[in-house]
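# Structural overview
One letter stands for each residue in the lines below.
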Amino acid sequence: MAESKPVIYAAMGGNLLIAITKFVAAAFTGSSAMLSEGIHSVVDTGNQVLLLLGMKRASRPPSEQFPFGHGKEVYFWSFVVAILIFAVGAGVSIYEGIQHILHPEPMTSPLINYIVLGLGILFEGASWAFALNAFRKTKGKWSYVQAVRRGKDPSMFVVVFEDSAALLGLIVALVGIALSQATGNPVFDGIASVVIGFVLGGTAIWLAAETKGLLIGESANRDVVETIRQLAGQADGVEAVNEVLTMHMGPDFILVTLSIRFQRGLPAERIERAIAELDRAIKAEESMVKRVFVEAEARADVDDPPPNDGK
């Protein structure tokens, strides 16, 4: 998660400065789209604060109440960010746009809007490029869509999503203001605000869908599970690997539970040694695996006598 912090700080600083300039422009020009963009930037700034809060709380050590640590705090706060984008950003933008469509008011000094939007596109574009470059380094061989779906650190792709939506929103606001000025019809400004709201709503829904699985307990990626299965199958005295269950307790914390059938008649000391060696091998191969639990299942043979139930 450490590589996410510079991206979040850069986005937060840029959004705060852009929000101030957008609100000043909206106050001078009366643009609904510009007001929506200002609200969008404020929501984004608050979201980055929440992501940093989640990362800080996730780094707390395990306790008696939370024996596996607090890593899932990152997932919780990322989900809260998605809800805020939808409820505050999208909701207010759509409301402001509808109000402006029903009660249109002509803009004054549209040049201010163009200057602010141009600066916004410049700053937001720089933040987006920085976030995308960091995301590209962490995604490895996966495509961008695969990296979002399989990634376990939402703090990285949340910023990319937000910056992408912000850039698209700025372009929509620019088009809406230009159409309003060219046609003399301020309704286009309100329509742009509604479109910005739908962009934010779509972004929020996608973010919520991607973080939901992590929040409720998503397994490790398939290649990690397969590696663990292979290591377990190669362990001393193992006859069969029945189950490999994994769960991400945080972006860098995988919990593993194995169900293994050992060869019949194997001494208990040898089984214990095999389990200890398997634990070390898995953690050495997959650095994110922090805890491994092994259940040694008994072999069920057809010639075994039935259990004595006292009858």
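Model, not experiment: these values are computed from the prediction.

## A closer look at the overall build of the chain
Scanning the chain from terminus to terminus reveals nine helices and three strands. The order of α-helices and β-strands along the chain, N terminus first, is α-α-α-α-α-α-α-α-β-β-α-β. Radius of gyration (C-alpha) of the chain: 27 Å, far over the 19 Å computed for a compact globule of 311 residues. Each of the three principal axes of the chain carries a C-alpha extent, and together these read 90 × 45 × 35 Å. Taking all 311 residues of the chain together, the buried fraction comes to 46%. Nonlocal contacts in the chain, meaning residues at least 24 apart in sequence, comprise 75% of its contacts between residues at least 6 apart. Carbon and sulfur atoms form 63% of the exposed surface of the chain, whose accessible area is close to 15700 Å². One way to put it: in the chain the 26 positive side-chain charges average out to a point 3 Å from where the 32 negative ones average out.

## A closer look at the side chain of E162
As for its placement among the helices and strands, E162 is situated in helix α6 (residues 154-183). With no salt bridge to any partner, buried E162 finds its closest opposite charge in K22, at an N-O distance of 12 Å. Among the polar contacts made by the side chain of E162, one reaches the side chain of N47 at a distance of 2.9 Å. Among all residues touching E162, those that are not within four sequence positions of it are H40, D44, N47, Q48, V81 and I85.

Rules used throughout
- Residues numbered from 1 in each chain as written.
- Predicted model: local features only at pLDDT ≥ 70, side-chain atom pairs only at ≥ 80, totals over all residues.
- Heavy atoms only, no water.
- Helix = DSSP H or I, 4+ residues; strand = E, 2+ residues; numbered from the N terminus.
- Rg over C-alpha atoms; globule rule 2.2 N^0.38 Å.
- Buried < 20%, exposed > 50% of the residue type's maximum accessible area, 1.4 Å probe, protein only.
- Contact = heavy atoms within 4.5 Å.
- Areas by Shrake-Rupley, 256 points an atom, 1.4 Å probe, with all protein chains shown as cover.
- Lys, Arg positive; Asp, Glu negative; His and termini not counted.
- Charge placed at Lys NZ, Arg CZ, Asp CG, Glu CD.
- Salt bridge = Lys/Arg side-chain N within 4 Å of Asp/Glu carboxyl O.
- Polar contact = N/O pair within 3.5 Å; in protein donor to acceptor, adjacent residues only side chain to side chain.

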